[in-house]
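Residue-level listing of the chains:
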Amino acid sequence: MDALLVKLRKNYPDRYAELKHAYEFAAAAHEGQKRSSGEDYFIHPCAVVEILADYGFDSSTLIAAFLHDVLEDTAVTPEQLSAEFGEEILRLVEGVTKLDKLKFTNREEAQAENFRKFFMAVAQDLRVIIIKLADRLHNMRSLGYRPPDKQQSVARETLDIYAPLAGRLGISFFKCELEDLAMMYLYPDEYKYITECISKKRGERQQLIDGMMEQIREKMRELGVEGEVNGRPKHIYSIYKKMHQLHIDVDQIYDLLAVRIIVDTVKDCYTMLGEVHTVWKPIPGRFKDYIAMPKANSYQSLHTTVVADGETFEIQIRTREMHRIAEYGIAAHWKYKEGTTGVDTDLDNKVRWLREVMDAEKDVGGAKEFMDAIKINVFDDEVFVFTPKGDVYDLPVGSTPVDLAYKIHSELGNKCVGAKINRKIVTLSTKLQTGDIVEILTQSGKGPSLDWLKFVRTAGARARIRQYFKREQRDENVRRGKEMLEREAKRRGYNLSALMQVSSFDSILQRMSVASEEDLYANVGFGGLGTNQVLTRLVDAFRKQNPDEHLEVTSDGVGHEAARPRSKSGVLINGNANFAVRMAHCCTPVPGDEIVGYVSRGRGVSVHRADCPNVKSMEPERLIDAVWDTGEDSSFNVTIYITAENSGGILASVTAYIAAAKMPITAANVKVDRKEHIADMTIGVMISGLDELEDLLRKIKSIPGVLDVRR
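Reference entry: report on the structure contained in this document. Everything quoted here is computed from the prediction, not taken from an experiment.

### Observations concerning the overall build of the protein
Thinking step 1. Within the protein, the secondary structure is distributed over 28 helices and 22 strands.
Thinking step 2. Within the protein, the fraction of its 711 residues that count as buried is 49%.
Thinking step 3. Within the protein, contacts between residues separated by at least 24 positions form 66% of all contacts whose residues are at least 6 apart in sequence.
Thinking step 4. Counting only carbon and sulfur atoms, one obtains 48% of the accessible surface of the protein, whose full area is about 34500 Å².

Here's what the structure looks like:
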């Protein structure tokens, strides 16, 4: 830590006093705390600062890194932090603290709402994710001191969430080490095998590569090209991925070692490419020009694979500026000046994809759709396509001409009526391939189609189509949406205006991300919200507020309150209380869930959650409308699945929480994996509604040793 202070004094002389103050403040706040290794906890923030300092991040980022755990793990308050270090530092520390509270599982199961919060924090100040990545890197370096189950969960989260994010931001020094460290714990046998295979051949390969580099240097001297040449081993996880994807062994991978040529100008890049292909035979199909077609994270370089003395080697050629961007990504464009919080337009352009996703966030229909947009923009590979003028655009795999049209300009997308790919007219839903020349055909006075939402791939296109229908056809959407809701309410036996009078109406609007009653109608009118989705919430709220009343629409079209017997099953099928009903065991719906009925042969109607995976495979003609019809004394059986560390008393702790909530337990089963020290518990409980269930799940999740809780 003394060496760290010496480094900070040398590299940040103007703000060394503030850095030292942050160092001393964090040391005092964390005094007495220990890490899993037994070391003082304060070693961790110092290690995070050192990682960031080595890569030249600004002093504000380093100050926030010293303090990144004080709000979460010590008695320090936001007010104290602001008073000591100012609002900028407080904002950064709070951003990192919010990220620390988010719990991810993997890419498919990540909680959509958490992802929304995560990206909103990142979008406010990109330094938040830089600090978090450095924090995660040091935690991965010291993961060996954690229990095996924790090693697995942290490594999985790192590989599925943080490494792809580092890659999308172009920060390769974070991405490569995070992936290799995660692989050590997730795939230890494969990691050991690959490292042993590489080390066996390292000696002879190194001789070859040294010879190649000397030949290249000689050519550069002859041509008068300034630059440098060095060797680069491929990182372990990238080798593993290639083996896994292509079903090949290590010996069959071409680019285990690479030669990197770094020159001054783009012209020199192509000059050296010609010389390389003159000296060594290139392998067909292995040349990639990322200078003419940069990746979305701004990566530029020439890649070619050549054969030398029977061995294959990858050669990368780039300028010094391209190399800086390739290594540091967003960090290479960092323009935070000391004493300011501004960011230049260059950096802003580098994270255009993030801005587009956040813009789309305003218009997506819910957290799950936002999650889908994030997955497409962060984790998908890219295709590169050309316009007839030769402009290059990068898009996610699976994109269509409509995605390209909106990427070029929103008005071009709105007027799009057709497309040509490589001079042939194609349908607008055709998927684009790298190298396609795409011409967008337009017609004035035309507008987009709602059907486009079924096949567009990018968040930007989806958002702009929705915006068009909101803006251009708002009055029509309001009228249509209100008619749709009134018709559906009447079919169920309710009067819409009475349903809108429930006391929780404002909170229902907030949960559906709409600002007013008119916005609600407009969203239903253009397809952003379903009538069943809206009516279910309104009817449930009405029944909670009026447990003994039901609105019955008479021939005059006006709703009149009338008493009626409540459904014994707690569910109305097509507005009828007399159906034989049973709750599906596959998804165990409870009041508050959106539900649907399925007419089963000889067994009445089974009731499923609307989002139950099994519903998708059912015969559509046998699905039937179902809504809750419950009273305060109604109760429903639900099954809870709990994964926990197999420590003493964990089952007692869980059942104590259930008993305290006065919920009868209907079944319990525990399976123990003694090798992994994990206990899987399945517990059946009687609950009265979704809110009660979610409260119980939150409480169980807070028990020390509980790893996961789900329905």
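### Quick notes on a nonpolar patch on the surface
Thinking step 1. A contiguous nonpolar surface patch, about 210 Å² in accessible area, is contributed by Leu651, Val670 and Val672.
Thinking step 2. Counting through the fold element by element, Val672 comes out in strand 20 (residues 665–673).

### A look at the packing of helix 1 (residues 2–11) against helix 3 (residues 43–54)
Thinking step 1. One way to put it is that helix 1 packs onto helix 3 with a least axis distance of 11 Å and a crossing angle of 35°. Two packed elements cross with a definite hand, and for helix 1 against helix 3 that hand is left-handed. Every residue of helix 3 that contacts helix 1 at Leu4, Lys7 and Leu8 is listed here: Cys46, Val49, Glu50, Ala53 and Asp54.
Thinking step 2. Classifying every residue of the contact of helix 1 with helix 3 by side-chain character gives 5 nonpolar, no polar and 3 charged.

### A word on the side chain of Ser82
Thinking step 1. Relative to the assigned elements, Ser82 resides in helix 6 (residues 78–85).
Thinking step 2. Setting aside residues no more than four positions away along its own chain, Ser82 makes contact with Glu87 and Leu90.

### Considering helix 26 (residues 531–545)
Thinking step 1. Here helix 26 spans 21 Å end to end across 15 residues, near enough to the 21 Å set by a 1.5 Å rise per residue.
Thinking step 2. Within the span of helix 26, buried status applies to Val534, Leu535, Thr536, Leu538, Val539, Asp540, Ala541, Phe542 and Arg543.

### With respect to the pattern of salt bridges
Thinking step 1. Counted under the stated rule, the structure contains 24 salt bridges.
Thinking step 2. Close ionic contact of Lys7 with Asp54 constitutes a salt bridge, the shortest N to O distance being 2.7 Å. With Lys7 in helix 1 and Asp54 in helix 3, the pair connects residues that are 47 residues apart, well separated along the chain.
Thinking step 3. Two residues, Arg217 and Glu214, come together in a salt bridge whose shortest N-O distance is 3.6 Å.

### Looking at unusual backbone geometry
Residues other than glycine predominantly adopt negative phi, and peptide bonds predominantly adopt the trans conformation.
Thinking step 1. Positive phi values are uncommon outside glycine, yet Arg423 reaches one of about 75°.
Thinking step 2. Position of Arg423 relative to the elements: it lies in the loop between strand 9 (416–421) and strand 10 (424–426).
Thinking step 3. The backbone phi angle of Thr588 is positive, close to 35°, even though this residue is not glycine.
Thinking step 4. Residue position: Thr588 is located in the loop between strand 15 (581–583) and strand 16 (595–599).

### Side note on the side chain of Thr400
Thinking step 1. Looking at the element boundaries, Thr400 is found in the loop between strand 8 (392–396) and helix 19 (401–408).
Thinking step 2. The exposure class assigned to Thr400 is buried, which follows from its relative accessible area of 1%.
Thinking step 3. With near-sequence residues (within four places) excluded, Thr400 lies in contact with Leu428, Ser429, Thr430, Leu432, Phe455 and Val456.

### A closer look at the packing of helix 9 (residues 127–141) against helix 10 (residues 148–168)
Thinking step 1. Here helix 9 crosses helix 10 at 145°, and the two axes come no closer than 11 Å. Both helix 9 and helix 10 take part in a crossing whose hand is left-handed. Residues Ile129, Lys132, Leu133, Arg136 and Met140 of helix 9 lie in contact with helix 10, whose contacting residues are Val154, Ala155, Glu157, Thr158, Tyr162, Leu165 and Ala166.

### Let's talk about the sheet that holds strand 9
Thinking step 1. The strand order across the open sheet built from 3 strands is 10-9-11, with neighbouring strands paired in antiparallel fashion. Strands with a single pairing partner mark the edges of an open sheet, and in this sheet they are strand 10 and strand 11 (438–442). Within the sheet, the average angular offset between the axes of one strand and its neighbour, ignoring direction, is 35°.
Thinking step 2. Two elements, strand 9 and strand 11, share 5 bridges in a ladder whose sense is antiparallel.

### A look at the environment of Leu178
Thinking step 1. Along the polypeptide, Leu178 turns up in helix 11 (residues 172–186).
Thinking step 2. Its relative accessible area of 0% is what places Leu178 among the buried residues.
Thinking step 3. Put simply, Leu178 and Ala166 are 12 residues apart on the chain and 9.0 Å apart in space, counted from C-alpha to C-alpha.
Thinking step 4. The contact partners of Leu178, leaving out residues within four places of it in the chain, are Leu133, Arg136, Leu137, Met140, Thr158, Tyr162 and Ala163.

### A few points about the sheet that holds strand 17 (residues 605–609)
Thinking step 1. Pairing is mixed in the open sheet, where 5 strands are placed in the order 14-18-16-17-15. This sheet does not close on itself; its edge strands, each paired only once, are strand 14 (571–573) and strand 15. Direction aside, neighbouring strands of the sheet carry axes that sit 35° apart on average.
Thinking step 2. Strands strand 14, strand 16 and strand 18 (623–628) of the sheet are contacted by helix 26, whose axis makes an angle of about 30° with strand 18.

### Regarding the packing of aromatic side chains
Thinking step 1. One pass over the structure, following the stated rule, counts 8 aromatic pairs.
Thinking step 2. Seen from their ring centres, Tyr494 and Phe542 are 6.2 Å apart, and the 80° between their planes marks the pair as edge-to-face. With Tyr494 in the loop between helix 22 (474–492) and helix 23 (496–499) and Phe542 in helix 26, this residue pair connects regions lying 48 residues apart in the sequence. Grouping residues by exposure puts Tyr494 and Phe542 together as buried.
Thinking step 3. Among the aromatic residues, those joined into a ring-pair cluster are Tyr23, Phe42 and Phe66.

Conventions and cut-offs
Residues numbered from 1 in each chain as written. Predicted model: local features only at pLDDT ≥ 70, side-chain atom pairs only at ≥ 80, totals over all residues. Heavy atoms only, no water. Helix = DSSP H or I, 4+ residues; strand = E, 2+ residues; numbered from the N terminus. Buried < 20%, exposed > 50% of the residue type's maximum accessible area, 1.4 Å probe, protein only. Contact = heavy atoms within 4.5 Å. Areas by Shrake-Rupley, 256 points an atom, 1.4 Å probe, with all protein chains shown as cover. Patch = residues over 30% accessible without salt bridge, like charges linked within 9 Å, V, L, I, M, F, W, Y side chains within 5 Å. Salt bridge = Lys/Arg side-chain N within 4 Å of Asp/Glu carboxyl O. Axes fitted to C-alpha atoms, helices over the stretch in contact; angles between N-to-C directions. Left-handed = near helix turned anticlockwise from the far one by under 90°. Nonpolar A, V, L, I, M, F, W, Y, C, P; charged D, E, K, R; others polar. Expected span 1.5 Å × (residues − 1). Pairing = 2+ DSSP bridges. Phe/Tyr/Trp six-rings, centres within 6.5 Å; stacked < 30°, edge-to-face > 60°.

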